[in-house]
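Listed here are the chains, written in short residue letters.
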Amino acid sequence: MGMEGCCDKKVMEEEALVKKITGLAAAIGELPSLSPSPAVNALFTELVTSCIPASTVDVDALGPEAQEMRARLIRLCADAEGHLEAHYSDLLAAHDNPLDHLTLFPYFNNYIKLSQLEHGLLARHVPGPAPARVAFLGSGPLPLSSLVLAARHLPDASFDNYDISGEANERASRLVRNDADAGARMAFRTADVADVTTELAGYDVVFLAALVGMAAEEKARLVEHLGRHMAPGAALVVRSAHGARGFLYPVVDPEEIRRGGFEVLTVHHPEDEVINSVIIARKAAAPAAVAADGDVPVNNGGMPAQCAVAVSRPCLGCACELGTRAHQKMKEMAMEEMEA
């Protein structure tokens with residue numbers, strides 16, 4: 001097959017995929033409720049299995065009509081995720097120690113893989129001492145990212161979980177009430193991220209959930225806000241999407257992160273059931289001024305500013321791992337679902 005034939009085939013495959021996603025988005029939009037149910041599970045299973053395979057489609061290059069469909073679909077995914085997370089949070093809270101039963105959540109293994117990926121990327125690209133203070137923006141009613149990171153990767157760090165919903169934070173706090181370690185290290189704060197300012201300077205690592213700031217302009221304003229208030233050298237972990245997975249989550253342009261005052265260290269696009277791409281960035285350090293006596297200035301830790309090392313750490317505080325296995329398990333457990 002010649003070059004022209006390959007291009008024609010690629011265009012036809014992309015058009016067929018967009019047509020299929022458009023049909024699924026319409027069907028999902030007609031559902032009377034996005035709470036876990038056989039109909040909801042079946043449609044989201046088909047949606048996710050259609051979006052996960054590697055694809056050459058560029059969602060940012062779609063026409064206006066397809067862009068409107070995609071924006072609606074991402075909002076539907078966010079709503080469905082919220083219902084799923086709330087359902088499972090309530091289910092887990094019924095146990096004496098909810099943290100002993102996290103595997104009931106059908107996407108739990110996805111969170112393990114995502115947290116391992118994020119922590120590994122941080123350790124590789126932002127080496128240094130383990131972070132002491134971590135913020136997760138958009139943690140939701142089932143903060144699995146923070147829980148997995150705290151238990152498996154950052155056993156000495158404290159976590160401040162931010163969500164705009166007080167109800168979500170109430171649900172989340174119930175999950176750690178009977179666990180002394182998690183209860184001592186997890187805080188849940190109700191706030192719009194745009195209103196969080198001075199507190200951001202105290203974190204070694206900030207995680208930005210995929211669904212916090214769903215429109216590109218909103219995400220850019222949020223990253224700029226973080227750039228104004230985070231401490232120089234602090235790490236930022238941003239969840240994004242790539243290819244057809246951009247029908248499920250917003251795609252974050254690394255250039256927007258650079259414009260927000262960060263150095264982009266790496267961008268990773270998973271090819272397995274972990275849906276989110278991961279961007280690791282670091283807040284740019286302020287230019288070092290030379291003291292009058294010629295000595296190198298020191299930071300608060302007594303270390304020369306040029307030698308200060310940013311700490312790092314491993315997103316769906318908002319997370320919408322709408323994977324096939326989750327929905328299959330939801331069918332088996334009949335209505336026992338909820339998401340992160």
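Residues numbered from 1 in each chain as written. Predicted model: local features only at pLDDT ≥ 70, side-chain atom pairs only at ≥ 80, totals over all residues. Heavy atoms only, no water.

Asks: Teacher, can you tell me more about the sheet that holds strand S1 (residues 133-137) here?
Replies: Sheets are built from strands that pair by backbone hydrogen bonding, the pairs being arranged parallel or antiparallel. Reading across from one edge, S3-S2-S1-S4-S5-S7-S6 is the order of the 7 strands in this open sheet, with mixed pairing throughout. For this open sheet the edge positions go to strand S3 (186-190) and strand S6 (262-268), each flanked by a neighbour on one side alone. In this sheet, neighbouring strand axes are inclined to one another by 20° on average, regardless of whether the strands run parallel or antiparallel. Sheet analysis places strand S5 (residues 235-240) next to strand S7 (residues 277-283), joined by 6 bridges and oriented antiparallel. Each residue of the ladder has a partner; that of Leu 236, found in S7, is Ala 281. Sheet contacts for helix H6 (residues 166-174): strand S2 (158-163) and S3; angle to S3, the most-contacted strand, approximately 165°. In the packing of helix H8 (residues 216-229) onto the sheet, the strands contacted are S1, strand S4 (205-208), S5, S6 and S7, and the crossing angle to S4 comes to about 170°. (Pairing = 2+ DSSP bridges. Helix = DSSP H or I, 4+ residues; strand = E, 2+ residues; numbered from the N terminus. Axes fitted to C-alpha atoms, helices over the stretch in contact; angles between N-to-C directions. Contact = heavy atoms within 4.5 Å.)

Asks: What's the story with the nonpolar core in this structure? I'm lost.
Replies: A general tendency of soluble globular proteins is for nonpolar side chains to be buried together. Formed by 64 residues in total, the largest nonpolar core has its most connected members in Leu 226 and Ile 257. In terms of residue count, helix H4 (residues 108-125) provides more of this core than any other element does, 7 residues in total. If near-sequence neighbours (up to four positions away) are discounted, Leu 226 is found in contact with Leu 137, Val 193, Leu 200, Leu 208, Leu 236 and Phe 262. The next biggest cluster of nonpolar side chains, apart from the first, holds 34 residues, and it includes Ile 21, Ala 25, Phe 44 and Val 59. (Core = buried A, V, L, I, M, F, W, Y, C linked by side-chain atoms within 4.5 Å. Buried < 20%, exposed > 50% of the residue type's maximum accessible area, 1.4 Å probe, protein only.)

Asks: Explain the confidence of the model for the protein to me, please; I cannot follow it from the model alone.
Replies: As a general rule, the predicted coordinates of low-pLDDT regions are not to be interpreted in detail. Summarising the model, the protein shows a mean pLDDT of 85, and 82% of its residues fall at 70 or more. In this model, residues 288-340 is a region of pLDDT below 50 whose contacts with residues beyond four sequence positions or in other chains number 195 contacts. (pLDDT = per-residue confidence, 0-100.)

Asks: Looking at this structure, I do not really get the pairing of S1. What am I missing?
Replies: Look at any regular strand and the pattern is simple: side chains alternate between the two faces of the sheet. Summarising burial for S1: 4 of the 5 residues are buried, a large majority. Two elements, S1 and S2, share 5 bridges in a ladder whose sense is parallel. From the neighbouring strand, Leu 137 faces S2, where its bridge partner is Tyr 162. A crossover connection joins S1 to the parallel S2 through helix H5 (residues 144-152); in handedness this β-α-β unit is right-handed. (Right-handed = clockwise from strand over helix to strand, strands pointing away.)

Asks: Explain the packing of helix H3 (residues 64-93) against H6 here, please?
Replies: Packed helix pairs are characterised by how far apart their axes lie and by the angle those axes make with each other. Here H3 crosses H6 at 35°, and the two axes come no closer than 9 Å. For H3 against H6, the interelement crossing comes out left-handed. Contacts from Ala 86, Ser 89, Asp 90 and Ala 93 in H3 reach Arg 171, Ala 172 and Arg 174 in H6. Of the residues assigned to the contact of H3 with H6, the class counts are 3 nonpolar, 1 polar and 3 charged. (Left-handed = near helix turned anticlockwise from the far one by under 90°. Nonpolar A, V, L, I, M, F, W, Y, C, P; charged D, E, K, R; others polar.)

Asks: Honestly, the pattern of salt bridges in this entry has me stumped. Any pointers?
Replies: Once their charged atoms are close, side chains differing in charge can pair, the charge on each being opposite to the other. The final tally for this structure, using the stated rule, is 13 salt bridges. Its salt-bridge partner being Arg 174, residue Asp 90 comes within 2.6 Å of it at the nearest N-O pair. Of the two residues, Asp 90 is situated in helix H3 and Arg 174 in helix H6; the sequence distance between them amounts to 84 residues. Residue class for Asp 90 comes out partly exposed when judged on its relative accessible area of 31%. Under the relative-accessibility criterion, Arg 174 is labelled partly exposed at 32%. The salt bridge partner of Asp 160 is Arg 189, with a shortest N-O separation of 3.3 Å. Here Asp 160, found in strand S2, pairs with Arg 189, found in strand S3; they are 29 residues apart in sequence, far enough to count as distant. What you see here is one network of salt bridges that share partners, running through Asp 90, Glu 167, Arg 171 and Arg 174. (Salt bridge = Lys/Arg side-chain N within 4 Å of Asp/Glu carboxyl O.)

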